[in-house]
Amino acid sequence: MRLFVSEGAPGSLPVLAAARRAQGRAELLISTVGPEECVVPFLTQPKVPVLQLDNGNYLFSTSAICRYFFLLSGWEQDDLTNQWLEWEATELQPALSAALYYLVVQGKKGEDVLGPVRRALTHIDHSLSRRSCPFLAGETESLADIVLWGALYPLLQDPAYLPEELGALHSWFQTVSSQEPCQRAAETVLKQQGVLALRPYLQKQPQPSSLQGRAVSNEPEEEELATLSEEEIAMAVTAWEKGLGNLPPLRPPQNPVLPVAGERNVLITSALPYVNNVPHLGNIIGCVLSADVFARYSRLRQWNTLYLCGTDEYGTATETKAMEEGLTPQEICDKYHAIHADIYRWFNISFDIFGRTTTPQQTKITQDIFQRLFSRGFVLQDTVEQLRCEQCARFLADRFVEGVCPFCGYEEARGDQCDKCGKLINATELKKPQCKVCRSCPVVKSSQHLFLDLPKLEKRLEEWLENTLPGSDWTPNARFIIRSWLRDGLKPRCITRDLKWGTPVPLEGFEDKVFYVWFDATIGYLSITANYTDQWERWWKNPEQVSLYQFMAKDNVPFHGLVFPCSALGAEDNYTLVSHLIATEYLNYEDGKFSKSRGVGVFGDMAQDTGIPADIWRFYLLYIRPEGQDSAFSWTDMLLKNNSELLNNLGNFINRAGMFVSKFFGGYVPEMVLTSDDQRLLAHVTLELQHYHQLLEKVRIRDALRSILTISRHGNQYIQVNEPWKRIKGSEADRQRAGTVTGLAVNIAALLSVMLQPYMPTVSATIQAQLQLPPPACGILLTNFLCTLPAGHLIGTVSPLFQKLENDQIESLRQRFGGGQAKVSSKPAVGETVTATGPQQIQVLMDEVTKQGNIVRELKAQKADKNQVAAEVAKLLDLKKQLALAEGKPLETPKGLSSLGSPPCLPVCGTSLSSPVEPQFRGLQGQTGGWPDAMVTR
Amino acid sequence: MAAAAELTLLEKSLGLSKGNKYSAQGERQIPVLQTNNGPSLTGLTTIAAHLVKQANKEYLLGSTAEEKAIVQQWLEYRVTRVDGHSSKDDIRALLKDLNSYLEDKVYLTGYNFTLADILLYYGLHRFIVDLTVQEKEKYLNVSRWFCHIQHYPGIRQHLSSVVFIKNRLYTNSH
């Protein structure tokens, strides 16, 4: 047999490592061919590695070649190995080829590369740690290990792409890499050049298809249903029986909230939004809403919680905006601060304080930190070349200069960036520069500036990180960003600007200057607290007693994880530093990005005009929270999630549970006599509740929401199986059973209302009012499922919780907010009709199926005439068939019916990722006013 | 066709009487089988190979090392290529390659009918039903193979039978 390989083809790694297995069993010749050579006669595209078998047939799949070598050595195929190899081909390879393409061909780094594969890496890590075996398919190294190792090696051999927190993956990878055949294969293929050895080959390959129609997945991974032990069931039952007696007293509200010794004191901040922009959905989910869920959860746990935020108001952008609108900077700030506050109020964000940075406290604290840094020698002075307008008698900040772009010749380039070519510019490089105010030509002058000496503080920072990071809940992207900054080495950073709108610099010779936002914006948290209470230092100079959680989008990580800690460490005043830095990825809009300039996307003030309640927005944004990977807002998906998860699952369950109590038991919770089935359900709900706690303690907000939906699915199934509406009409025993089922169901509904509180506070309160849940049970969530609505408890009036979202309503909103507009016009007509009618048709059919199902159920419950039931059942089956057809499920119908258009539902891929020339901002940029140029370009 | 339905078809064609229940995972609706004695199995071809063993028909996975590797290669092809992309162009390219592969073969492994034939038949069915007479003639070897498999006892079941014309109409097109 003969093996064809090519220089730098990644598939050679596993194949060469596996070839050792076949040694001595068959003769193997190895030939090297060019990357574009067609070895396999029947394949149109070139493909390597390829194994030509002795019978003339070809193996062109890397895994199949490895499998063949293993089979030759006498290895037997097994299910687990098959499963790993299928997963490798269908899940890992698409993600990995995207990552390698970004890294090797496009030269990207960091999260851009790691992002696409993170989920797959986590999957391997979890599988390894769950089975607690050293290898993928058992105690010894086998085919699955070699194939996956070979696929992953080019990426993971760079430690930057092997996330530290994935410990099991780490040790598996080290073990396999150290095997001799693997070492040799690695040397042969990568030639000690690392991943760059793949470049000549990968450059010649077409762009991976996983990149072309890259749909961002909003679906989290499925969890397996756990098996329960007898002890777990017994413990769940004991806790349940204690009921309300288990609850501690409610913590009385405090004002101001201050840390208490011996308690868990949680200080929560969300990134300060820049005042002159109306926040869009990405900003909202990225910081304020995520932090709000955690703050509400923290209060439900009875932790002593302070949640604060505010607008970041200083800086050039405010001055520019003020000039545009003909107002003073202060007036602009007042106006937009109110807009922000209104939006967050509408979204029901539970700030203890929503302040602002333009206060005397800000000046006082910033100047104090500066003085301390200055007197300790952490501030440097240097001269900077800058444009100065002689007419206006001032130095011009980047945005006050316009001119001709030195790169593309665009005439209205700004001093920091060209809107046409998108390149970053140094203001002094602009051709024909003009002062934006008076249009005269500025001159280059030198100006004195202050620099924070970060290199001098680097060692302290590293020591602090070493103590803080292990065991903390910093998100992986935040760890990664900080690590890569430290790896490149810190440089002194300019902390002053020639502006008026800012915190004045308290130093002789700097009277005309202010602090640059990135030095003082993060100090805003302290000053906002100082405006709330004069005892603010009990929060901010108390690292022993306070846990600080800071929420932000990932572009803000360096400010919070690096710059502020350096300032605080250098100031030597025992500041509270971030314990858990929680950073999200980006939220996209439909298939593109939010863009203010193109009017694409939903902005905070518009959300309320849609007629969709705030809680529905909260639910959907949290359901798609970009946690661990980018995600996308989609109108159609929002409709589906509302109608399926909220209306049909959660709302349906809670409503039915309450209705049964009202209708069958006159509003009084009936006696419950638990059978072993009921006890199992109790234990399952308890387990899911504990899972919810585990996730939220780690601030995995999106995943914890799934636990709520899982419990309500359990509940729906429980009602469906036990049919209380039938039993209520039966014998005494049946009636008792109906009572137990109803009682347990309504208690699950009560539990759900509390679990839902961080996510949907208004809906939660509505349920609690409907069920008349006692106040302590509303405000505290324990780790056990308690009977909070005991027999004899009288509930209130039950009514539906959610409204259906209609297609035409969503369609008109989509039109209004510009989702997918550009895409539709550039797409062939065929694709359009499929996407446009598909989901609608499905939704209509789904509703009809539900409706018809209810009719049938009612008829059956009433023991109606058999023929009548049969007729309605026939209708139901017919509807289900149509639905199956529309969803592209198998055509299990007579041929005559299958005329709904075939193929019924082609996945539409290949959406155009066209790149418009104008600058686009992704979901969550610039809450703190953007980076100074030098930082962005790194 | 949804993966669960396809696996039910496969169960019947293998003569497995007690039907399994499948759940679906993620947005691609990957099938999951909860087995009685052990962890669940995930993935179409993984479960299919498991069912074959359950039915004591291991010969459908290939008899020699070569055959076994070839069967798995085409199963992988099925889930990555046939299910992966389904634009018209992708399908045309795929049929072209397959057509030239099958030129000297009765089945995918050569002379033995295997699971690869069954799953490739199920996977291609939705595309083949849509081919024009001219296209079917263009991919003559694929048509011959497909027609052969759909007449293999117990495989097609309720799927529509695709009509292939025996005499050639477009002799000039080659």
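Description of the structure in this document. Just so it is clear, the model here is predicted, and its values are computed rather than measured. (Residues numbered from 1 in each chain as written. Chains lettered and ligands numbered in written order. Predicted model: local features only at pLDDT ≥ 70, side-chain atom pairs only at ≥ 80, totals over all residues. Heavy atoms only, no water.)

## Thoughts on the sheet that holds strand β3 (residues 50–52) of chain A
Where strands meet in a sheet, backbone hydrogen bonds hold them as pairs that are either parallel or antiparallel.
Residues and elements named next belong to chain A.
1) Next: Taking strand neighbours across the sheet as the criterion, the 4 strands line up as β2-β1-β3-β4 in an open arrangement whose pairing is mixed. Two strands close off the open sheet at either side, each with one partner strand: β2 (29–32) and β4 (58–59).
2) Next: As defined by bridge partners, strand β1 (residues 2–5) adjoins β3 across 3 bridges and the pair is classed as antiparallel. When the sheet's bridge partners are listed, Arg 2 is paired in β3 with Gln 52. (Pairing = 2+ DSSP bridges. Helix = DSSP H or I, 4+ residues; strand = E, 2+ residues; numbered from the N terminus.)

## Comments concerning helix α4 (residues 88–101) of chain B
Residues and elements named next belong to chain B.
1) Next: The end-to-end C-alpha distance of α4, which contains 14 residues, comes to 20 Å, matching closely the 20 Å that a straight helix rising 1.5 Å per residue would cover.
2) Next: Of all the positions in α4, only Ile 91, Leu 94, Leu 95, Asp 97, Leu 98, Asn 99 and Tyr 101 are classed as buried.
3) Next: In this structure, the buried side of α4 is in contact with α3 (65–82), α5 (115–128), α6 (133–138) and α7 (140–150). (Expected span 1.5 Å × (residues − 1). Buried < 20%, exposed > 50% of the residue type's maximum accessible area, 1.4 Å probe, protein only. Contact = heavy atoms within 4.5 Å.)

## Details of the packing of aromatic side chains
1) Next: For the structure on display, the rule yields 45 aromatic pairs over all chains.
2) Next: Judged by centre distance (4.5 Å) and plane angle (40°), the ring pair of Phe 294 of chain A and Tyr 549 of chain A falls under tilted. Pair noted here: Phe 294 of chain A is in helix α11 (residues 281–300) and Tyr 549 of chain A is in strand β17 (residues 546–553), with a separation of 255 residues, a long-range link.
3) Next: For Phe 294 of chain A, a relative accessible area of 0% corresponds to the buried category.
4) Next: A relative accessible area of 1% places Tyr 549 of chain A in the buried class.
5) Next: Positioned over the ring face of Tyr 516 of chain A is Arg 497 of chain A, at 3.9 Å from the centre of the ring.
6) Next: Lying across the ring of Tyr 101 of chain B, Lys 105 of chain B places its NZ or CZ 4.2 Å from the centre. (Phe/Tyr/Trp six-rings, centres within 6.5 Å; stacked < 30°, edge-to-face > 60°. Lys NZ or Arg CZ within 6 Å of the ring centre and 35° of its normal.)

## Overview of the pairing of strand β6 (residues 304–311) of chain A
Residues and elements named next belong to chain A.
1) Next: Burial analysis of β6 places 8 of its 8 residues in the buried class, the great majority of the element.
2) Next: On β6, burial covers both faces: Asn 304, Leu 306, Leu 308 and Gly 310 on one face and Thr 305, Tyr 307, Cys 309 and Thr 311 on the other are all buried.
3) Next: Where strand β5 (residues 265–270) lies against β6, 5 bridges are found, and the strand directions are parallel. The residue bridging Leu 267 from the neighbouring strand is Leu 306, located in β6.
4) Next: Between β5 and its parallel partner β6, the chain crosses via α11, and the hand of that crossover is right-handed.
5) Next: Note that β6 and strand β7 (residues 353–356) share 4 bridges and pair parallel. The residue bridging Leu 308 from the neighbouring strand is Ile 353, located in β7. (Right-handed = clockwise from strand over helix to strand, strands pointing away.)

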